[in-house]
Amino acid sequence: MSKRIEVNNLNIFYSDFLAVEDVSISIEPRTVTAIIGPSGCGKSTFLRTLNRMHEVIPGAHVEGEVIIDGNNLYGEGVDPVLVRRQVGMVFQRANPFPTMSIRANVLAGVTLNNRKLSKSDGDSLVEHSLQRANLWNEVKDRLDKPGMSLSGGQQQRLCIARAIAVAPDVLLMDEPCSALDPISTLAIEDLIEELKLDYTIVIVTHNMQQASRVSDRTAFFNIAGTGKPGKLIEYNDTNTIFSKPSVQATEDYVSGKFG
Ligand SMILES: Nc1ncnc2c1ncn2[C@@H]1O[C@H](COP(=O)(O)OP(=O)(O)O)[C@@H](O)[C@H]1O
Ligand SMILES: [Mg+2]
């Protein structure tokens with residue numbers, strides 16, 4: 001299930017604007033990689049190129065390669081829809097489909113992908129996905145209630161269950177806890193720890209404690225000024241990034257001097 005990600009010389013554009021310049025990074029399977037850096041340095045932009053969500057924006061494009069399990073996502077003839085099935089995404093704000101039940105939300109990605117499911121296959125996929133998202137015990141008696149009836153933290157785990165139900169190899173998370181209280185945040189962090197046994201996880205966070213708690217490796221992005229492209233400055237084991245970074249800007253950022 002879990003796959004290695006290799007990014008080679010990636011330039012990311014919004015029309016003519018070069019938002020992120022020349023990123024090369026190699027992400028191991030079954031690890032959690034944290035993307036950190038000041039606002040506007042291109043963390044979300046970079047993350048969205050890992051499942052071709054970037055190109056949903058008119059004019060947005062990339063140069064370079066993103067190779068997952070040996071295949072370039074941007075190779076000729078690659079279907080972005082299939083890419084997004086392989087690489088799931090969880091957003092900053094939990095976004096359950098408002099008119100759908102908890103059950104329907106879990107299955108939403110699967111049915112969007114045109115898979116016909118029998119009732120019993122659907123039931124077991126719902127249970128399995130909610131179990132994996134550490135939400136099953138809290139919702140098993142009210143699967144037909146609206147997804148929106150859950151708390152913020154539960155909604156975010158519901159969105160993780162929805163992502164998992166499609167059976168991706170990689171999970172991308174863009175500040176998944178930034179709208180959550182500390183208890184719900186810890187629940188998501190525990191979950192990430194469990195999920196990395198099976199998935200390659202890349203998480204954007206502006207929370208330094210979170211990066212050091214959940215990630216194995218950390219990538220620090222920075223930006224020289226407004227209108228300049230964001231760049232990958234340093235990438236290493238999380239311990240090294242937080243205790244002995246090699247670049248001054250990394251040290252300044254992780255010690256809270258800016259950002
Ligand atoms: N949809 C968009 N259209 C044009 N420019 C964008 C868009 N989204 C982000 N940008 C620009 O790309 C740069 C990086 O933004 P973003 O990836 O959101 O940074 P971060 O997530 O690190 O805060 C910024 O200059 C931002 O204004
Ligand atoms: Mg962002």
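I will try to describe carefully the structure that is included in this document. (Residues numbered from 1 in each chain as written. Chains lettered and ligands numbered in written order. Predicted model: local features only at pLDDT ≥ 70, side-chain atom pairs only at ≥ 80, totals over all residues.)

## Side note on the packing of helix α3 (residues 102-112) against helix α4 (residues 119-132)
Reasoning step 1: Closest axis-to-axis distance for the α3/α4 pair is 10 Å, and the angle between their directions is 100 degrees. As summarised for this structure, α3 and α4 are arranged roughly perpendicular, according to the angle between their axes. Residue-level inspection shows R103, V106, L107 and V110 of α3 in contact with α4, the latter providing G122, L125, V126, S129 and L130.
Reasoning step 2: In terms of residue class, the contact of α3 with α4 is made up of 6 nonpolar, 2 polar and 1 charged. (Axes fitted to C-alpha atoms, helices over the stretch in contact; angles between N-to-C directions. Helix = DSSP H or I, 4+ residues; strand = E, 2+ residues; numbered from the N terminus. Parallel < 35°, antiparallel > 145°, perpendicular 65-115°, else oblique. Contact = placed C-beta atoms within 7 Å. Nonpolar A, V, L, I, M, F, W, Y, C, P; charged D, E, K, R; others polar.)

## Concerning the site of ligand 1
Reasoning step 1: The immediate surroundings of ligand 1 are formed by Y14, A19, G37, S39, G40, C41, G42, K43, S44, T45, I57 and G230.
Reasoning step 2: Here the element with the most residues in the shell around ligand 1 is helix α1 (residues 43-49); it accounts for 3 residues.
Reasoning step 3: Counted by class, the shell around ligand 1 contains 4 nonpolar, 7 polar and 1 charged residues. (Near = placed C-beta within 6 Å.)

## So, the pairing of strand β6 (residues 87-90)
Reasoning step 1: Of the two faces of β6, both are covered, the one formed by V87 and M89 as well as the one formed by G88 and V90.
Reasoning step 2: As paired elements, β6 and strand β7 (residues 170-174) share 4 bridges and run parallel to each other. The residue of β7 that forms the bridge with M89 is L172. (Buried ≥ 20, exposed ≤ 12 C-beta atoms within 10 Å, placed from the backbone. Pairing = 2+ DSSP bridges.)

## With respect to the pairing of strand β10 (residues 230-237)
Reasoning step 1: Relative to β10, strand β9 (residues 217-223) runs antiparallel, the two sharing 7 bridges. Paired with F220 across the two strands is E234, which belongs to β10.
Reasoning step 2: Where β9 folds back onto β10 in an antiparallel hairpin, the turn is made up of 6 residues, including G227, whose phi is positive at roughly 85 degrees.

## What about the packing of α4 against helix α6 (residues 152-165)?
Reasoning step 1: Their axes nearest at 8 Å, the elements α4 and α6 cross at an angle of 125 degrees. Regarding the angle of α4 to α6, the classification is oblique. In terms of crossing hand, the pair formed by α4 and α6 is right-handed. Residues L125, S129, L130 and R132 of α4 touch α6, and the partners they reach there are A161, I164 and A165.
Reasoning step 2: Considered class by class, the residues forming the contact of α4 with α6 number 5 nonpolar, 1 polar and 1 charged. (Left-handed = near helix turned anticlockwise from the far one by under 90°.)

## Focus on the environment of S149
Reasoning step 1: Of note, S149 is situated in the loop between α5 (136-139) and α6.
Reasoning step 2: What makes S149 partly exposed here is the crowd of 13 C-beta atoms within 10 Å.
Reasoning step 3: When the C-alpha positions of S149 and G40 are compared, they lie 33 Å apart, and in sequence the two are 109 residues distant.

## Quick look at the nonpolar core
Soluble globular proteins tend to bury their nonpolar side chains together.
Reasoning step 1: By size, the foremost hydrophobic cluster in this structure holds 70 residues, and its most contacted members are I35, A161, L171, L172, I201 and I203.
Reasoning step 2: Sorting elements by how many residues they give to this core places α6 first, with 7 residues.
Reasoning step 3: Contact partners of L171, with chain neighbours within four places excluded, come to G88, V90, A163, L195, Y199 and I201. (Core = buried A, V, L, I, M, F, W, Y, C linked by C-beta atoms within 7 Å.)

## Section: the environment of A60
Reasoning step 1: Relative to the helices and strands, A60 resides in strand β4 (residues 60-68).
Reasoning step 2: In this view, A60 contacts F13, Y14, H54 and E55; residues no more than four positions away in its chain are not counted.

## A word on unusual backbone geometry
Reasoning step 1: A positive phi is found at R52, a non-glycine position, where the angle reads about 65 degrees.
Reasoning step 2: Along the chain, R52 turns up in the loop between α1 and β4.
Reasoning step 3: Judged by C-beta crowding, with 20 C-beta atoms within 10 Å, R52 ranks as buried.
Reasoning step 4: Residue N134 is not a glycine yet carries a positive backbone phi of 55 degrees.
Reasoning step 5: For N134, the position within the fold is in the loop between α4 and α5.

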